[in-house]
Every structure is written in C-alpha cells, then in structure tokens.
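Here's the letter readout for the chains.
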Amino acid sequence: MKKLLIANWKMNPVTLDEARDLFDATEKFAEKYGARVVVAPPFTHLEELINRALKKEYEGIHFGAQDAFWEDAGAFTGEISPKMLRNLGVSYAIIGHSERRMILHETDEMINKKIIACEAAGLKVILCVGEPREVRDKGLNAAKDYVKSQLEADLKNIQTLYPIPQTPDPIIVAYEPIWAIGTGVPDKPQDSANMARFIKELLMAKPHTPKRASPSDFSLNPLILYGGSVTASNAELFLSEKDIDGALVGGASLSAEEFGKIIKIATEGIANGV
Ligand code: PGA
C-alpha cells in the first residue's frame, strides 16, 4: 500500500493566487509519482482548489479540512460543519491538532464530538495525538501512556469509526509529538515507529474493531502517520519504517519543491526498498 502524505498548510498561504500556484505545483509532483496526497488548505481556499482539481486528470489528490465542528448547522458563529465540508467535496478532516488543543484549548471531549460528527457526515478523520516535551523527557513509555489516554478519551463511545461507512479505508491517526512540530527537531524514526506499532495494537484491541481486522490484513488495519518537522532530508528515515504508513507535513508542504521531494521518497523510494 502506498504511503499517505497529508499536506497541512495551516493558516497559509494568505492569498488565493498563492494557493492556486502551490496546489498546481503540488499536483504535478503527485501526478508524476502517482502519490496518495491529501491537501489540507485553509477553509477559504477549499472550494477553488477542489474545482481546480476536478479539471485535472489525476485522481490521487484528495482534500482535507483542518478542523470541523460537531453540529450540522445552527447558531454556532464562526464554525464549519462536517456536512458543509462533505457537500463541498472534502473527504478528510484533521481533528485534534495540537495547535488547536493548545492555542484554542480544544478538549478531548470536544474532539470526541467532532470525530462522531465527521463520521456521521462521511468525512474521514485524521486524528492527531502526541505528547508534550516534559512527558517525553520521562521516556517513551510515559509518552505511550499519554497517547493511550488521549486515544481512549478521543475515541470514547465510538462504535462504528472503524471502518467509516462507505469508505474502504481504516481509521487514520497522526502521531505528532508536540515538541517536534515546527521546531526542526523531529522524533527518532525508530521511536515513532515503536509508537506507531503501539497505537496500531491499541486500536486493533478496541472492542468495536470487527473481527476481520486481523494483523495480516494490512488494508483493514489502522493507518498511523508520523508528523513533526518532516522534511525532504529526513522523510526517507520515517517512511521506510514499515509501521509508519505516511506523514503529516506542515512547514515543508508550503514549498512545492520540498514537498515534491517528499512525494518522490514516499513513492519511488519505498518501491525501490529505501
Ligand atoms: P511541521 O508541522 O511539519 O511544520 O512540524 C506538522 C504538523 O503540525 O502537522
């Protein structure tokens, strides 16, 4: 299975013109290498870029929202619902990003409600989890305990998350240690792979997991991505780990050249056994 790349543009770029240019260049690389890419631009650029993608032949690019609210419609000033996003042609939603957890004080309870609403609307969730520096300083086991409690709270009472109705793909979790995001200091690939394996085992042990999800059936297993200072120079180290199914790329996805190199590694590199 191809490694999955998510381009999280965060609150960038400012103008639609820049967004069009970045998208076109990204799309060219994705098409050239036959990559599976989800582009997650700001809400304001989604419609234009989705329409642009429809005019292109390549079908390997999908769109993600960087967040979604937990109600379908109503008096919720400033919010955007999963149904609205689905109607627009968005397929994925990043939920629980650490920047939202920290800056906007999003709680596990809110994240849980958002996941349930996205699932009901048919949006595929990319759930972000990850520990702060002070936890990781206590060791990888402390980080695992932290991530486990995040997952338990975020996925509470979710019975049908896996697999999401009408999508053949399993649940996606992005492991993003907070101290590695935007700092230029990535995790050690072996540690992230170890964490990815831990998350996979945890999710597969969840009681709602259907029996057919056996570890040998990879296509039905959860997908675990790594995120945090992924660049063209270190992508190969993460993407060649068999337990890491892809990458969530922030800063480096804002340069099509840099992201193009990551796309090449995620496709050609893996195929050649990098
Ligand atoms: P970064 O961001 O690649 O800039 O570290 C990753 C993320 O926040 O998802």
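Residues numbered from 1 in each chain as written. Predicted model: local features only at pLDDT ≥ 70, side-chain atom pairs only at ≥ 80, totals over all residues. Heavy atoms only, no water.

Enquirer: Is there a simple way to think about the packing of helix α7 (residues 140-154) against helix α8 (residues 189-205) in this case?
Expert: In a pair of packed helices, the angle between the axes and the distance between the axes together describe the arrangement. The contact between α7 and α8 brings their axes to 11 Å, and the two run at 40°. For the pair α7 and α8, the sense of crossing is right-handed. Here Leu140, Ala143, Lys144, Val147, Lys148 and Leu151 of α7 lie close against α8, whose contacting residues are Asp191, Asn194, Met195, Phe198, Ile199 and Leu202. Partitioning the contact of α7 with α8 into residue classes produces eight nonpolar, one polar and three charged. (Axes fitted to C-alpha atoms, helices over the stretch in contact; angles between N-to-C directions. Helix = DSSP H or I, 4+ residues; strand = E, 2+ residues; numbered from the N terminus. Left-handed = near helix turned anticlockwise from the far one by under 90°. Contact = heavy atoms within 4.5 Å. Nonpolar A, V, L, I, M, F, W, Y, C, P; charged D, E, K, R; others polar.)

Enquirer: So what exactly am I meant to see when it comes to the packing of aromatic side chains here?
Expert: Counting across every chain of the model gives four aromatic pairs. Centre to centre, the rings of phenylalanine 69 and phenylalanine 76 are 5.0 Å apart; their planes meet at 45°, and the pair counts as tilted. Residue classification places phenylalanine 69 among the buried positions, given a relative accessible area of 9%. The exposure class assigned to phenylalanine 76 is partly exposed, which follows from its relative accessible area of 33%. Note on tyrosine 226 and phenylalanine 238: the rings are 4.2 Å apart at their centroids and 0° apart in plane angle, and the pair reads as stacked. Here the residue tyrosine 226 occupies a position in strand β7 (residues 223-227), and phenylalanine 238 occupies one in helix α9 (residues 235-239), the gap between them amounting to 12 residues. Both residues of the pair, tyrosine 226 and phenylalanine 238, belong to the buried class. An aromatic cluster of at least three residues, connected via ring pairs, comprises Phe69, Trp70 and Phe76. Over the ring of tryptophan 179 we find arginine 133; its NZ or CZ atom is 4.4 Å from the centre of that ring. (Phe/Tyr/Trp six-rings, centres within 6.5 Å; stacked < 30°, edge-to-face > 60°. Buried < 20%, exposed > 50% of the residue type's maximum accessible area, 1.4 Å probe, protein only. Lys NZ or Arg CZ within 6 Å of the ring centre and 35° of its normal.)

Enquirer: Looking at this structure, how should I read the layout of surface pockets?
Expert: One water molecule sets the probe size; rolling that probe over the atoms shows where empty space is left. Counted as a void, the largest pocket has a volume near 390 Å³. Residue lining of the largest pocket: 15 residues in total, with Lys10, Met11, Gln66, Asp67 and Arg100 positioned closest to the centre. Elements with a contribution of two residues or more to the lining of the largest pocket: α2 (43-54) and α4 (98-103). When residues of the lining of the largest pocket are assigned to their parent elements, the largest contribution, three residues, is made by α4. Partitioned by chemical class, the residues of the lining of the largest pocket number seven nonpolar, four polar and four charged. (1 Å grid on protein atoms, 1.4 Å probe; cavity = no way out; pocket = protein on both sides within 12 Å on 5 of 7 lines; lining within 4 Å. Points joined across faces, edges and corners; volume = space filled by probe spheres on them.)

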